[in-house]
Amino acid sequence: MQISTNFNLKDYNTFGIAAHAKEFISVKTTEELATVLAENKGRKLFILGGGSNMLLTQDVDALVIHINIKGKQITEQQNGYAHVKAMAGENWHEFVLFCIENNLGGLENLSLIPGNVGTTPIQNIGAYGTEIKDTFVSCEAMDIATQEIKTFTKEECEFAYRESIFKGRLKGKYIITSVTFRLTERDHKINTAYGDITDKLIDKGIIVPTIKDVSDAVIAIRQSKLPDPKELGNSGSFFKNPIVPKALFEKIQAQHPLMPYYVVSETEVKVPAGWLIEQSGFKGKRFGDAGVHTKQALVIVNYGNATGRELLDLSKKIQETVLEKFGIQIEAEVNII
């Protein structure tokens, strides 16, 4: 293991921002991680996974530890369910495909989400009616201060919409090293509640879809709407879908009867942030090399040489406009560094 200095992070973040790390090291085992942490106690650390959920607005004045721990296996099988454990450095989409190839259901709606396995519980990633918490069993995480491994149960993770204990009161205290999921081996619970999936399956003439059919549909939908980070820098959905009081929703709906929405409870409604942004006139807009994607207003993109600060300024401009037009404060889903 060797620590590099003034390391360019352009290839380690999906926005393709050319920010530099003061120091950088990549670890491939939990033992290597423990050693690096033990040898650098008291130092400022920055933990880096797949780099898919962050916007670098400046150089990182810290030791960047890249979690590159690989491995995945089925650890338990009984009563039609299997426990599957994946190490933190595994690419998320490749792990989903591994599960589908082994006829293990539950993650298919989360296909093609960028990033690595280890970061998925931090913000309880979700898409098309499914969240990590739906199949999550536990995760192992290393205490940064003591290098001890602790197992966190689903309840201990305190999952909420795009939230967990690792994003809250334990932020900066632990590094997730592996995640275990409980998936179905038969009688899969197919979730096609989101209209886009249903429409895509109908287009293909599929009446009784398999988990692979659902995954293929999700992949096709995402590819039609979302740019490939390898071709156009982005971090997927930049903003969370806001949950608003029913009274505010009804006020907006009266002016925009075709507004899409999802009922959360008797008093709250979720409104798609992408729709709010599009109605505010930002879809497809470009400001230098910073812009909003032409097909999905929820995605802020780097057309080549935008700085993190320019992308951040655009996101703030979007937030201010949506708040002024609709009275709704949309929050960034991406971590701003």
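To be clear, the structure that these remarks concern was listed above.
Sequence order sets the numbering: in each chain, residues are counted from 1 along the sequence as written. Local features in this predicted model are restricted to residues of pLDDT 70 or higher, and side-chain atom pairs are both shown and tallied only at a pLDDT of 80 or more, whereas totals for entire chains, interfaces and linings draw on every residue. Hydrogens and water are ignored here; the side-chain numbers use all heavy atoms of the structure.

Draft legend 1. Fine view of the pairing of strand S5 (residues 60-67). Counting buried residues in S5 gives 7 out of 8 residues, a clear majority hidden from the surface. Strands qualify as paired when DSSP identifies two bridges or more between them. Numbered from the N terminus, helices here are DSSP runs of H or I no shorter than four residues, and strands are runs of E no shorter than two. With 4 bridges connecting them, strand S3 (residues 45-48) and S5 associate as parallel partners. Residue pairing in the sheet places isoleucine 47 in a bridge with isoleucine 65 of S5. Any residue under 20% of the maximum accessible area for its type is buried, any over 50% is exposed, and the rest in between are partly exposed; the area is computed with a 1.4 Å probe on protein chains only.

Draft legend 2. Region of interest: the packing of aromatic side chains. The criterion for an aromatic pair is that two Phe, Tyr or Trp rings (for Trp, the six-membered ring) have centres within 6.5 Å, with stacked assigned to planes under 30 degrees apart, edge-to-face to planes over 60 apart and tilted to the rest. Overall, the coordinates contain 14 aromatic pairs when judged by the stated rule. With a centroid separation of 5.0 Å and an interplanar angle of 75 degrees, the aromatic rings of phenylalanine 152 and phenylalanine 166 are classed as edge-to-face. Separated by 14 residues along the polypeptide, phenylalanine 152 in strand S11 (residues 149-153) and phenylalanine 166 in the loop between S11 and strand S12 (174-184) bring together distant segments of the chain. Each member of the pair, phenylalanine 152 together with phenylalanine 166, is buried. Aromatic pair tryptophan 275 and phenylalanine 326: ring centres 5.7 Å apart, planes at 50 degrees, arrangement tilted. Of this pair, tryptophan 275 sits in helix H6 (residues 273-279) while phenylalanine 326 sits in helix H7 (residues 308-326); the two residues are 51 residues apart in sequence, bridging distant segments of the chain. Take tryptophan 275 and phenylalanine 326: they sit in the same class, and that class is buried. Through a chain of ring-to-ring contacts, the aromatic side chains of Trp92, Phe95, Phe98 and Phe181 assemble into a single cluster. Look at NZ for Lys and CZ for Arg. If either is within 6 Å of the ring centre and within 35 degrees of the ring normal, a charge sits over the ring. Its guanidinium or amino end placed over the ring of phenylalanine 98, lysine 72 lies 5.4 Å from that ring's centre, counting from NZ or CZ. When the ring centre of tyrosine 303 is taken as reference, the NZ or CZ atom of arginine 286 above it lies at 4.2 Å.

Draft legend 3. Fine view of the sheet that holds strand S14 (residues 243-245). Judged by pairing direction, the sheet is antiparallel, and its 3 strands sit side by side in the order S14-S16-S15 without closing on themselves. Either end of the sheet is taken by a strand with one partner, and the two such strands are S14 and strand S15 (262-263). Bridge analysis of S14 against strand S16 (residues 268-270) gives 3 bridges, and the strand direction is antiparallel. Among the inter-strand pairings, isoleucine 243 is bridged to a residue of S16, identified as lysine 270. Taken strand by strand, helix H5 (residues 246-255) contacts S14 and S16, and its axis lies near 90 degrees from that of S14. In this analysis, two residues are considered to be in contact whenever any of their non-hydrogen atoms come within 4.5 Å of each other. Helix axes are fitted to C-alpha atoms over the stretch in contact, other axes to C-alpha atoms as well, and angles between N-to-C directions run from 0 to 180 degrees.

Draft legend 4. Molecular detail of the pattern of salt bridges. Any Lys or Arg side-chain nitrogen located within 4 Å of an Asp or Glu carboxyl oxygen qualifies as a salt bridge. In this structure the tally under the stated criterion is 15 salt bridges. In this structure, lysine 85 and glutamate 140 form a salt bridge, with 3.2 Å as the shortest nitrogen-oxygen distance. Linking lysine 85 in strand S7 (residues 81-87) with glutamate 140 in strand S10 (residues 136-143), this pair joins segments that are 55 residues apart in sequence. What you see here is one network of salt bridges that share partners, running through Glu131, Lys133, Asp134, Arg162 and Glu333.

Draft legend 5. Highlighting the side chain of serine 111. With respect to the helices and strands, serine 111 occurs in the loop between helix H2 (92-101) and strand S8 (126-127). Pairing of N or O atoms within 3.5 Å defines a polar contact, subject to two protein rules: one partner must be a possible hydrogen donor and the other a possible acceptor, and residues neighboring in sequence count only if both atoms are side-chain atoms. Of the polar contacts made by the side chain of serine 111, one reaches the side chain of serine 215; its length is 2.8 Å.

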